[in-house]
Amino acid sequence: MVTLLVALSLFGCAKEDVRAPSGGGGSRGDDPRVIVVGAGAAGLTLARALHDDGVDVIVLEARDRIGGRVHTAHVGDAWLDLGAAWLHGDRGHPMADFATATGYPTTTDRVPWSHVYDEATGGTNTDAWWRAMEDAMDSFALDLPELRSALGDGASVADGRDRWLDQHFPDDGLDRRLAAFGIDQYIVGLEYGCPSSLQSLEWVWREEGVLPGGDQLPIGGYGPLIEALAEGVDVRLERPVTRVTWGDVVEVVAGGETYAGSHVVVTAPLGVLRSGAIEFDPPLPSAYTQAIARLDTGNLEKVVLSWDSAWWDGSTTFVAAAEDGAFPEFYDFTSYAGAPTLVGLYGGAFSRDLQASWSDDAIVAGALETLAEIWGREIPTPDATFVTRWTSDPFTLGSYTFLPVGASQDDLDLLAIPPDPSLGFAGEHTLFEHYGTVHGAMLSGIREAHRLGVTSIRTPGLSGY
Ligand SMILES: Cc1cc2nc3c(=O)[nH]c(=O)nc-3n(C[C@H](O)[C@H](O)[C@H](O)COP(=O)(O)OP(=O)(O)OC[C@H]3O[C@@H](n4cnc5c(N)ncnc54)[C@H](O)[C@@H]3O)c2cc1C
């Protein structure tokens, strides 16, 4: 927090009412026009709030669709969310409140778990092994302060895990495997998308993350909600922004055209900012480029497998024998997708390897092999499949933010502070308490709307934010 206050005074961050002529950014004329870069959850929330307040706003979106990492698509007969699927909580969740206000139903996630499978022994025991894994994770979480002070801020979660396992499960065996799996997969790989050897021990599980109320799923997926959020907003598709000029003159170059405005808010993902695909003129202050370079994005990905009829029953967890992993879980989405569907989720080192060198066919074949092992039977050929590629998608370049060793909360906090009244950032990577989530992205859009002078948000469901 100390760093945040110092940065505020360094960069002269001030609340900026876009409707006041010639705001703090210099002589930008009497016709304020906000340019929002990116039509994901953050950009659309911001643009809709400005639009509903009567502010002139346009959104420049690189892709031929809106939503960004929220993308509901048809896979065979199933409707699936290829990016975000869950609303993590329903109290204080702007999308949950928007859904309620606009009449879009959500449902509590009640997916049944049928198998925790141990590759080393070929055994399966769902209830007892879930409990063992959860107990180990709880106990590891309680020991985090002690591990942090023993290992220092240069330690990764893998360092902490090894020390902790040696203390609590010195002997190789099922208990140690379950505990290691819980830490590697459920605390890190499936949560932050990154390998536990990269995730900072100091910053793991320090954010608020999940909101109260339990995981919810929007019925019909996130897609209809995103469409409803974009209602009335001037979104220009297929406009990849390559240059942002900020200061006294605000100009944004996208798809060969130049757009003039009074203010610009960039919501392009952290991976895109890290890649340098958007040039800033003048260049961003070095504190920003250094923060962007210290943070990183994980590699959570999905492989969707859909059949005409279900041959299985419930979701499964696959505890791999080797540390480099395998497809760790298959979620049974049948009751939400409208067709019998399993979604394999995977992240961490395993995902980095697959995304770098496996074809889509190889990933589907690998997932089917894992299912065959869990279920001890031949698996019918799926009727439809889909392999996500968020890691290499040029408009995402990673699933979402994590804090590697060397990064800290200060880096995300700084990205929430506009370098100049004419230039701000929003997106999941700009809100420490809730980074890596849809609600974090939306709350960052709301933060920017308030900064730009919207005192009370008129968008349905969002007036209390
Ligand atoms: C596989 C996966 C599963 C997830 N699961 C969940 C979940 O269950 N629940 C949850 O809460 N969160 C989940 N998340 C995270 C969540 O999807 C994101 O945190 C959130 O959607 C990010 O929103 P955003 O607006 O910050 O970024 P984005 O949605 O990425 O929006 C940024 C927009 O900028 C556009 N853009 C990029 N470059 C340019 C450019 N140069 N010019 C113009 N436009 C550009 C992009 O196309 C995109 O539309 C998941 C993410 C992934 C990848």
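Residues numbered from 1 in each chain as written. Predicted model: local features only at pLDDT ≥ 70, side-chain atom pairs only at ≥ 80, totals over all residues. Heavy atoms only, no water.

Brief notes about the sheet that holds strand S15 (residues 279-281)
Think of a sheet as strands paired side by side through backbone hydrogen bonds, with each pair either parallel or antiparallel. To keep it simple, the criterion reads: Being paired, for any two strands, means DSSP has found at least two bridges between them. Only DSSP runs of H or I covering at least 4 residues are called helices, and only runs of E covering at least 2 are called strands; the numbering of each starts at the N terminus. Inter-axis angles, ranging from 0 to 180 degrees, are taken between N-to-C directions of lines fitted to C-alpha atoms, where helices are fitted over the stretch in contact.
As summarised here, the arrangement of the 4 strands in space is S13-S12-S11-S15, forming an open sheet in which the pairing is mixed. Across the chains shown, the open sheet's two edge strands, defined by having one partner strand only, are strand S13 (257-261) and S15. Here the strands of the sheet are splayed against their neighbours by 15° on average, with no regard to which way each runs. Where strand S11 (residues 241-245) and S15 come together, 3 bridges link them in parallel fashion. Note that in S15 the partner of Arg-243 across the bridge is Glu-279.

A word on helix H5 (residues 157-168)
Short version of the rule: In a helix, the anticipated span is given by 1.5 Å times the number of residues less one. Working definition: with a 1.4 Å probe on protein chains only, accessible area under 20% of the residue-type maximum means buried, over 50% means exposed, and in between means partly exposed. In this description, one arc is meant: the one made by directions from the helix axis to the C-beta atoms. Residues are treated as being in contact if the distance between any of their heavy atoms lies within 4.5 Å.
Between the first and last C-alpha of H5 there are 16 Å, a value that for 12 residues agrees with the 16 Å anticipated at 1.5 Å per step. Looking only at H5, the buried set comprises Val-157, Ala-158, Gly-160, Arg-161, Trp-164 and Leu-165. The buried residues of H5 occupy an angular sector of 155° when the element is viewed end-on, so they sit on one face. Taken together, the buried residues of H5 touch helix H4 (126-151) and helix H6 (174-189).

Some words on the environment of Leu-229
Counting through the fold element by element, Leu-229 comes out in helix H7 (residues 223-229). Leu-229 gets classed as buried once you look at its relative accessible area, which sits at 0%. Apart from residues no more than four positions distant in its own chain, Leu-229 is found in contact with Ala-41, Leu-44, Thr-45, Arg-48, Met-95, Phe-98, Met-442 and Thr-459.

A look at the site of the ligand
Just so we agree on the cut-off: We call a residue near a molecule or strand whenever a single non-hydrogen atom of that residue lies within 4 Å of it. Within 3.5 Å is the distance limit for a polar contact, defined as a pair of N or O atoms, with the added protein rule that one can donate a hydrogen and the other accept it, and that residues adjacent in sequence qualify only through two side-chain atoms. For the accessible areas, the method is Shrake-Rupley and the probe is 1.4 Å, while residue cover comes only from the protein chains on display. Each residue gets one of three labels, nonpolar for Ala, Val, Leu, Ile, Met, Phe, Trp, Tyr, Cys and Pro, charged for Asp, Glu, Lys and Arg, and polar for the others, Gly among them.
What surrounds the ligand is a group of 39 residues, the closest being Glu-61, Arg-69, Trp-86, Val-241 and Val-438. Side-chain polar atom of His-88 to a nitrogen atom of the ligand: 3.2 Å apart, as the coordinates give it. Protein coverage of the free-state accessible area of the ligand, which is 1,000 Å², stands at 98%. Secondary structure elements with two or more residues in the shell around the ligand: helix H2 (41-52) and helix H14 (438-451). Of the residues in the shell around the ligand, the class split is 23 nonpolar, 11 polar and 5 charged.

Observations concerning unusual backbone geometry
Each neighbour pair has its own omega, and for Asp-281 with Pro-282 the value is 0°, a cis peptide bond. Topologically, Pro-282 is positioned in the loop between S15 and helix H9 (286-294). One non-glycine residue, Trp-205, lies in positive phi territory at about 60°. Structurally, Trp-205 is set in the loop between H6 and strand S9 (215-218). Judged by its relative accessible area of 37%, Trp-205 is partly exposed.

Comments concerning the packing of H4 against H5
The line we're drawing: For classification purposes, an angle smaller than 35 degrees is called roughly parallel, one larger than 145 roughly antiparallel, one from 65 to 115 roughly perpendicular, and anything else oblique. For any pair of crossing helices, the crossing counts as left-handed if the nearer helix is rotated counterclockwise from the farther one by less than a right angle, and right-handed if it is rotated clockwise.
It is at 10 Å that the axes of H4 and H5 come closest, and there the two elements cross at 110°. Put simply, H4 runs roughly perpendicular to H5. In this structure, H4 meets H5 at a crossing whose hand is right-handed. Side by side, H4 and H5 meet where Ala-136, Ser-139, Phe-140, Asp-143, Leu-147, Ala-150 and Leu-151 of the first sit next to Val-157, Asp-159, Gly-160, Arg-161, Arg-163, Trp-164 and His-168 of the second.

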